[in-house]
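Chain by chain, the residues:
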Amino acid sequence: MKIAYIDYWTEGIHNFVPFDSELRKRGHETILLHLGSFYSFHLKEEVVKSIKCRDISFYSTKMIYKMLEREKPDIVITLNTTKILDRVITMSCRALKIKSIYLMHGIRDLGTANDQLVALMEQSYNSLLKKIKKAGKYFKIVIPNYLYTLAKYKPINIFNFRFLKVIYSYFKSPGKSFYFPEYRDELLNDLCLVYSANESKYYEKLGYSSQNITVVGNPKNDTLYDMIINNRFTADMLPERVQALIKAGKKYAVYLEESFPEQNNMGGYTAEIRDKFIMECAERLQKENLKLVVKLHPTTEEKSISTRHDNCLIEKNHLDALIYFSEFCICSLSTTINNSVLMNKPVLMPQGYSSTNLPTFFIDVGVSNCWKNSNDELNLTVDKDAREEYIKNYITVVTPDAVNKVIRAIGA
């Protein structure tokens, strides 16, 4: 079989890497098709982490339908299922008789905090100025793709002007559309693969039938589980500067940075606020004789961090090793909190830095402790019962079986 991964860029390729080599061992052909040139310069073709990658420009077109028509994969695996271009991918697959599979790549359901999260997304994205800035991309790329694919898949939705209602729904409520878009029939893939029992409930609300949802676990965690179970972590897995800390007998805490400024200053969390927090955190930890290590989100560039402090190191990679050897973690909403929980690390959620308070979901369910003020005492207690309940509902698969579950689910 030919299996095409599809994403907006190559930075999300780590979501496919855990099972790609196994698929190729079984004789399947794989390729990552992406839309990177829609947003910035990208090579037409390259190999990233042993996976052949092709930008849509390789096909001398801006139409996703034509790209898929040229490649003719048997299966498409996508990481997104809410945006207009996700509609294009799903409807293209239907028209071309390609099996489409959605694989989640981050926590979507925050329980009772969902409404607050949607409101924050609306606040971040629903401004006229931001909509005007995106208008060029919509008129040149998004809407032409949508109409072209509708003409191939269901032209009646052009003639009855339903397409206008769909487009307007995104213009009217971009934040809400990110989580609960309208007219969802165009978005649903043949299969929906989720990490945990709780996430399956969110995707049922999104419109997927329970029969088409499979809990597979997080493929990226297979290696982590193996490392934890067999105690395979060693200091040489750390970045060089952090290795030097460990060898010198020094301790550190890791801040799992979440790219809020890059997400339209989500919750009022600007780059300036992030710089301020890093500075205050570095100074506070210095009093505890702890170094601050900032693990950047994949979408955050180090050059966007203006603040520098002698007690702070900024790193881009080595997530699991950084968590494993840390004293505790600092995190608000990132999926990486699961890694911290699995490695039994205390977690602090900073408060008071966002102009609009971020959802306190992880505090509410007992896996994180509130850190209201940088000068407050560090609460590094761990609620074992709460974490066991959280693991059951929000992680679910806790053995290195996710890759095999994904492969079985897609029939490869």
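Look a little higher up for the structure.
Note that the structure is a prediction, hence the values are computed from the model and not measured.

Reading the values: the criteria
Residues numbered from 1 in each chain as written. Predicted model: local features only at pLDDT ≥ 70, side-chain atom pairs only at ≥ 80, totals over all residues. Heavy atoms only, no water. Helix = DSSP H or I, 4+ residues; strand = E, 2+ residues; numbered from the N terminus. Rg over C-alpha atoms; globule rule 2.2 N^0.38 Å. Buried < 20%, exposed > 50% of the residue type's maximum accessible area, 1.4 Å probe, protein only. Contact = heavy atoms within 4.5 Å. Areas by Shrake-Rupley, 256 points an atom, 1.4 Å probe, with all protein chains shown as cover. Lys, Arg positive; Asp, Glu negative; His and termini not counted. Charge placed at Lys NZ, Arg CZ, Asp CG, Glu CD. Phe/Tyr/Trp six-rings, centres within 6.5 Å; stacked < 30°, edge-to-face > 60°. Pairing = 2+ DSSP bridges. Axes fitted to C-alpha atoms, helices over the stretch in contact; angles between N-to-C directions.

(A) How the structure looks around the overall build of the protein. For the protein, the helix and strand inventory stands at 17 helices and 14 strands. The C-alpha atoms of the protein give a radius of gyration of 22 Å, which matches the 22 Å a tight globule of 412 residues would have. Overall, the C-alpha framework of the protein stretches about 65 × 50 × 40 Å when taken along its three principal axes. When burial is assessed residue by residue, the protein has 54% of its 412 residues classed as buried. Pairs at least 24 apart in sequence give 67% of the contacts found in the protein among residues at least 6 apart. A total accessible area of about 18300 Å² is found for the protein, and carbon and sulfur atoms account for 51% of it. Averaging the coordinates of the 55 positive side-chain charges in the protein and doing the same for the 47 negative ones gives two points 6 Å apart.

(B) Representation of the packing of aromatic side chains. One pass over the structure, following the stated rule, counts 22 aromatic pairs. With centroids separated by 5.9 Å and ring planes inclined at 65°, the aromatic side chains of Y65 and Y148 adopt a geometry described as edge-to-face. Here the residue Y65 occupies a position in helix α2 (residues 64-71), and Y148 occupies one in helix α5 (residues 128-153), the gap between them amounting to 83 residues. Accessibility expressed as a relative area gives 7% for Y65, which makes it buried. The partly exposed category is assigned to Y148, whose relative accessible area is 25%. Judged by centre distance (5.0 Å) and plane angle (15°), the rings of Y390 and Y394 are stacked. Of this pair, Y390 and Y394 are both found in helix α16 (residues 384-395), four residues apart, which corresponds to roughly one turn of the helix. Comparing Y390 with Y394, the two get one shared label, buried. Three or more aromatic residues joined by ring pairs form one cluster here, namely Y102, F180, Y202, Y203 and Y208.

(C) View of the sheet that holds strand β14 (residues 369-371). Ordered in space as β11-β10-β9-β12-β13-β14, the six strands form an open sheet in which the pairing is parallel. Each of the sheet's edge strands pairs with one partner strand only, and the pair in question is β11 (312-315) and β14. Direction of pairing for strand β9 (residues 251-256) relative to strand β10 (residues 290-295): parallel, over a ladder of six bridges. Paired with Y255 across the strands is V294, a residue of β10. On top of the sheet, helix α11 (residues 240-247) reaches β9, β10 and β11; it is set at about 140° to β11, its chief contact.

(D) Local environment of unusual backbone geometry. Here the phi dihedral of Y183 falls at roughly 50°; this positive angle occurs in a residue that is not glycine. By the secondary structure assignment, Y183 is in the loop between α8 (174-179) and β7 (191-194). Judged by relative accessible area, Y183 falls into the partly exposed class, the value being 28%. Residues other than glycine seldom take positive phi values, yet H318 does so here, at roughly 65°. One can find H318 in the loop between β11 and α13 (319-324).

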